[in-house]
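# A closer look at the structure
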Amino acid sequence: MTAIGERKKLAYFDCPSGASGDMILGALVDAGVPFETLARELAGLGVEGYRLERSEVMKAGFRATKVDVHLAGYDRDPGYMGRVPDPGAHRHEPTGHRGLGEILGILERSRLVPAVRDMASRVFRRLAEAEARVHGTTPERVQFHDVGAVDAIVDVTGSCIGLHLLGIDEVHFGALPVGGGFVDGPHGRMPVPGPATAELLKGFPTLDTGIRRELVTPTGAAILTTLAAGAGVMPAMRVTAVGYGAGTMDLETPNVLRLFVGEAPSAQVAPPAETIVQVETTVDDMSPQLYEPLLERLLEAGALDAWLTPVIMKRSRPGVVLTALCEPARVADLSRLLFEESSTIGVRWTAYQRSRLEREMVRLHTAYGPVTFKVSRLEGRVVTVTPEFEEVRRIARDKSLPVREVLEQARVEGRRLLTTP
């Protein structure tokens, strides 16, 4: 995390031709990640049976770095991340069918630094959730075919290592081209984008560039959508490095992913924007008693906030708009909950950009005793100091004082304790 007074380091992935794990790795190396250091850190996974290779290639007139994971006895299929066995080669690793638990176990037993281990684990958990929704099962029961094999484990973990080596504080990416056509996968012929990729892209900006190929792989989508603090426009930054990562296919346009590395402006008026999604539905035939447990379940399921708004619907019927804010990764969970816990038959969502202050919970010793405060800061400066209301109400009751008096005094004393040198 960036210390107070230091500039935040940002990474922005520009993806005009899509994104895959090897393209992200190539862009990171091209932007300054030492290849030998990356390979050495990946050895901490304890996974054998692969060889990492770097090369410089040309893609429709653009120079770019290509990073390949060569498996013992297997070569990458430029189509759907498949593998073609070499009958004469010795196989050090199985071709796939790894469960989420096995992959998380590999990461847990590794010698990776905790920050990298946590990032990689979150990527695979999110990928398992997407696969589970597609196949109607649970993340724990998902058996990865291609994305669970060695090359994807290396792609995901290597990307997390690269971001860590560059000291990146925030990841952002541009609109992703969805591609089109059909592709052969482990479950037969599928439309592009594949079902798991489509799930991962929910809530994020996409576009159609007219290219009928698979442009975004499940691995690439999982890395970007899991680690991103924002998506869409490029955040304000002082660019310090630009890297190009090459894809395998040859397209009409340069098949490269471009990475901008830079520092956020030191005189920022507001914190960097991040993407959140507003999920909502409108109902007019639901018992009012059901709203309270529904709001509670939305918050438990990952909603950042949830509320009700009275409205007048068609034929002058009174109704209620159920609204929840969430991270893009939680859209499917909250939508499913609304279908289960309300009488709605349709849910809509919209992506928004927001800025929020840095915040933390602190416990201070006041004249009333220990009180917990929610403290927000802007560029290290204390902006708001808010005592926890339930504690204020308990103190007021115990001391037979007006709640308003305790609230105001606690707020004043909390600010004084936090801002006095």
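Relevant structure appears above.
Notes on the structure in this doc start here. (Residues numbered from 1 in each chain as written. Predicted model: local features only at pLDDT ≥ 70, side-chain atom pairs only at ≥ 80, totals over all residues. Heavy atoms only, no water.)

### Considering the overall build of the chain
The criterion, for reference: Think of it this way: any DSSP run of H or I at least four residues long counts as a helix, any run of E at least two long counts as a strand, and we number them from the N terminus. Exposure categories follow from relative accessible area, calculated using a 1.4 Å probe and restricted to protein chains: below 20% of the type maximum is buried, above 50% is exposed, and the middle band is partly exposed. Whether two residues are in contact is decided by their heavy atoms, any of which lying within 4.5 Å being enough. The accessible surface values rely on the Shrake-Rupley method and a 1.4 Å probe; as for residues, cover is taken only from the protein chains in view.
When you go through the chain residue by residue, the secondary structure sums to eleven helices and 22 strands. The proportion of buried residues among the 421 residues of the chain is 49%. Summarising the internal contacts of the chain: among those between residues at least 6 apart in sequence, 69% fall at separations of at least 24. Of the roughly 20,700 Å² of accessible surface on the chain, a fraction of 52% belongs to carbon and sulfur atoms.

### Quick notes on the sheet that holds strand E22 (residues 381-387)
Working definition: the strands of a sheet are paired by backbone hydrogen bonds and lie parallel or antiparallel to each other. Filter applied, for reference: Strands pair, by our definition, only if DSSP identifies at least two bridges between them. Geometry is summarised by axes, namely lines fitted to C-alpha atoms with helices restricted to the contacting stretch, and by angles between N-to-C directions that run from 0 to 180 degrees.
Read across the sheet, three strands follow the order E20-E21-E22 without closing on themselves; strand pairing throughout is antiparallel. Of all strands in the sheet, those bounded by a partner on one side alone are strand E20 (358-366) and E22. Within the sheet, the average angular offset between the axes of one strand and its neighbour, ignoring direction, is 35 degrees. As paired elements, strand E21 (residues 369-378) and E22 share six bridges and run antiparallel to each other. Across the sheet, the residue bridging to leucine 378 is arginine 381, located in E22. Running at roughly 150 degrees to E21, helix H10 (residues 389-399) makes contact with E20, E21 and E22 of the sheet.

### Let's talk about helix H4 (residues 114-135)
To keep it simple, the criterion reads: An expected span of 1.5 Å times one less than the residue number is assigned to each helix.
Helix length check: H4 (22 residues) gives 31 Å between terminal C-alpha atoms against 32 Å at 1.5 Å per residue, within 8%. Of the positions making up H4, those classed as buried are Val116, Met119, Ala120, Ser121, Val123, Phe124, Arg126, Leu127, Ala128, Ala130, Glu131 and Ala132.

### Observations regarding the environment of valine 347
You can see valine 347 is positioned in the loop between helix H9 (331-341) and strand E19 (348-354). Assessed through its relative accessible area of 17%, valine 347 is described here as buried. In this structure, the C-alpha to C-alpha distance between valine 347 and threonine 282, residues 65 residues apart in sequence, is 8.3 Å. Filtering out sequence-adjacent residues up to four positions away, valine 347 remains in contact with Val279, Glu280, Thr281, Ser335, Leu338 and Phe339.

Remember, this is a structural readout, not a statement about activity or role.
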